[in-house]
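Chain residues, written in single-letter form:
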Amino acid sequence: MKTIRSLALAASVATIGIAASVQAAPPVQAPAQPPAWVAESNQNAQIVLKTFAEFAPEQAGQLGVDGLDEQASSLTPDIVARLDKAFDQDIGELNARLAKTTQPQVKQDIEILIDAVKNAKADTDLQHQYMLNYTNVPQLVFFGIRALMNPQVPAQRQQAVVKRMEAYAGMLPGRPPITEQAKALFEADLKRPGLTGPYKAEVEQDIQDAQQYIPGIKQLLAKSQVKGWEAPYAKLEKQLTDYVAWMKRDVVPHARTSNRLPEAIYAQNLHDMGVYEDPRALIQEALFSYAEIQHQMEGMAILVAKQHGYKSTDYRDVIRELKKNQLNPKNILPFYKQRLAQIETIIRKEHIVTLPNRSMVIRMGSAAETAAEPAPHMEPPRLIGNTGQYGEFVLPNNAGQKGGMDDDTFDAAAWTLTAHEGRPGHELQFASMVEHGTSIARAVFAFNSANVEGWALYSEAEMQPYEPLDGQLITLQNRLMRAARAFLDPMVNLGMITPAEVKTFLERDVVLSPAFAKEESDRFAFRMPGQATSYYYGYHKLMEIRGMAQVELGEKFNRQKFNDFVLSQGLIPPTLMREAVEKEFIPSQK
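To start, this report covers the structure provided alongside it. (Residues numbered from 1 in each chain as written. Predicted model: local features only at pLDDT ≥ 70, side-chain atom pairs only at ≥ 80, totals over all residues. Heavy atoms only, no water.)

Another point: the overall build of the protein chain. Tallying secondary structure elements over the protein chain gives 26 helices and three strands in all. Here the C-alpha radius of gyration of the protein chain, 23 Å, is about what a compact globule of 590 residues would show, namely 25 Å. For the protein chain, the spread of C-alpha atoms along the principal axes amounts to about 70 × 60 × 50 Å. Carbon and sulfur atoms provide 52% of the accessible area of the protein chain, an area that totals close to 23,200 Å². Computed over 62 positive and 70 negative side-chain charges, the separation of the two mean positions in the protein chain equals 3 Å. (Helix = DSSP H or I, 4+ residues; strand = E, 2+ residues; numbered from the N terminus. Rg over C-alpha atoms; globule rule 2.2 N^0.38 Å. Areas by Shrake-Rupley, 256 points an atom, 1.4 Å probe, with all protein chains shown as cover. Lys, Arg positive; Asp, Glu negative; His and termini not counted. Charge placed at Lys NZ, Arg CZ, Asp CG, Glu CD.)

What follows is the structure, encoded as structure tokens:
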């Protein structure tokens, strides 16, 4: 079910995170007292949060909305009509408040909220217009249970997972099992001619991943102190197993064999991700950047080959040689902790950005988490009502496995990955929002991939000059991958290249492992069509803003002050970030 995707984007990007080997959380640091206008803005955000909580209580609760621990999503037959009505009411009330508000930041935040609701309404309407209503229920249930089993959730709150499971299993009055609700929506849409089914490869992957989700739920509960989970889990286990059989029997025959979405939906996907550009124009720009980065890599590869004594100086061969020095799986976590310490030393010495005086959490994921998100990722903290919780840098638990990824488990790769997911990247970005008391509108509803991933890719570039030569080569390789994403994703979705051809290209010229290349082609084709373009787009927009500030300020430009200012703004869109730099940062430095 892909309703209210714009509202839930922050939670969906957060993905999951089973605590397979959790390190202790850092000492709690109370968030800063926010500016006075934030309180008024947050009152306006309650309008949208109420709708969010009604239709996606698991995700709203994960973000920090209180009182939702026992609640669960309900896929009623009239859900689309209910959503449309709720969205229209929210837009009307927000417009009324916008007309009365004089405070500039509050006005900006109301506009952010209105835009988020309009995007969510467009998502829902387009999905209803074009697509069969297919829901990956095993994943939905796993995420909903995982949200309460997070180690940062107090034990007394975790007990509420039993009620949530009972809701999923249809053990509460007036609530059919979530599996039966999802089946009913799909079967009702089969009676509406002309709708497009889910992509066959997506359904097949969902069926495969369910083999990790279903036992993964039990593993979570068995390790917890929750009482009385066994009976609802037994019901859920059977229902989810039956649902997987139904997917094979009734969904696969209606699945489409082409990955292509209706163009209107793909265009909306790009907009949701913060990419406000025609996909064909994006292809042309990204192809140019790809060729430029390749030239830089060719020069760097000559230096790395000379340093290591490699025979070939072709960047592809040099990267393959570097990859041969794989870390022992047992040593990956301590190695990344050590690399983080090295990076933090550089950040402080070179005055790149202001770091907090606390440690950062890095941990390994579990099998179920790795199935859902095979690549390293940052799990954001609670963004509403935060009392000192911070994000977690999660490393997938697939190193050394046959057919697994070897892209991040060697020395040179740890530089750019830690800079991206940890510091000065995602972890610092989310921590800054918590510590600066950012408004809910800017922390949650302005959240899109271009805002988030643009900063993380910018962080990689900030660290590159201080890395060893092999680390710099892998940083460039990662930038090459982001440029490739920006033309391959739209090409796949416009029918200009097949997912299989994408996989071959990424293995050959970007030097990704077969597993990572498949994960990328799946991302473009069905996991999150459009999302992969956001790294390149967000990075370019942020570099444009920095370039403008450097021209305006000349010798007065201070990198650390600029980076601190960008982080202090929360996740506002590039247009608002540019406006803030022009009207606040530049005058303050002059």
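Moving on, we get to the packing of aromatic side chains. The final tally for this structure, using the stated rule, is 17 aromatic pairs. Plain terms: the ring middles of Y290 and F487 are 5.4 Å apart, the flat faces sit at 85° to each other, and that makes the pair edge-to-face. Taken together, the positions of Y290 in helix 13 (residues 279-308) and F487 in helix 21 (residues 469-493) put the pair 197 residues apart, joining distant regions of the chain. Between Y290 and F505, the aromatic rings sit 5.8 Å apart at their centres with planes inclined by 40°, giving tilted as the arrangement. Of this pair, Y290 sits in helix 13 while F505 sits in helix 22 (residues 499-509), and the two are 215 residues apart along the sequence. Like Y290, the residue F505 is buried in the burial classification. Taken together, the aromatic side chains of F557, F562, F565 and F585 make up a single cluster linked through ring pairs. One residue, R485, lies across the ring of Y535, its end atom 4.5 Å from the ring centre. (Phe/Tyr/Trp six-rings, centres within 6.5 Å; stacked < 30°, edge-to-face > 60°. Buried < 20%, exposed > 50% of the residue type's maximum accessible area, 1.4 Å probe, protein only. Lys NZ or Arg CZ within 6 Å of the ring centre and 35° of its normal.)

Here we come to the nonpolar core. Soluble globular proteins tend to bury their nonpolar side chains together. Membership of the largest hydrophobic core comes to 130 residues, with the highest contact counts inside it found for V141, I145 and F445. Counting residues in hydrophobic clusters, the runner-up holds 49 residues, among them L282, A286, M405 and A484. (Core = buried A, V, L, I, M, F, W, Y, C linked by side-chain atoms within 4.5 Å.)

All right, on to the sheet that holds strand 3 (residues 392-395) then. Within the open sheet, the three strands sit side by side as 1-3-2. Their pairing is mixed. What marks the edges here is a single partner per strand, and that holds for strand 1 (361-364) and strand 2 (377-379). Taking each pair of neighbouring strands and ignoring which way they run, the sheet shows an average axis angle of 35°. Two strands pair when backbone bridges link them, and strand 1 and strand 3 are joined in this way by four bridges, in the parallel orientation. Bridging from a neighbouring strand, I362 pairs with F393 of strand 3. (Pairing = 2+ DSSP bridges. Axes fitted to C-alpha atoms, helices over the stretch in contact; angles between N-to-C directions.)

Looking along the chain, the bond that leaves R423 and enters P424 is cis, with omega of 10°. Within the secondary structure, P424 sits in the loop between helix 17 (411-421) and helix 18 (426-436). Residue H351 is not a glycine yet carries a positive backbone phi of 55°. Tracing the backbone through its elements, the reader meets H351 in the loop between helix 15 (332-350) and strand 1. Positive phi, normally seen in glycine, also occurs at V511, with a value near 65°. On the secondary structure map, V511 appears in the loop between helix 22 and helix 23 (514-527).

This structure, assessed with the given rule, holds four cavities of 30 Å³ or more. By volume, the second largest cavity is sized at about 190 Å³. Lining the second largest cavity are 18 residues, and of these N451, L542, V566, I572 and M577 lie nearest its centre. Mapped onto the lining of the second largest cavity, the elements with two or more residues apiece are helix 18, helix 20 (449-463), helix 24 (534-553), helix 25 (559-568) and helix 26 (574-589). (1 Å grid on protein atoms, 1.4 Å probe; cavity = no way out; pocket = protein on both sides within 12 Å on 5 of 7 lines; lining within 4 Å. Points joined across faces, edges and corners; volume = space filled by probe spheres on them.)

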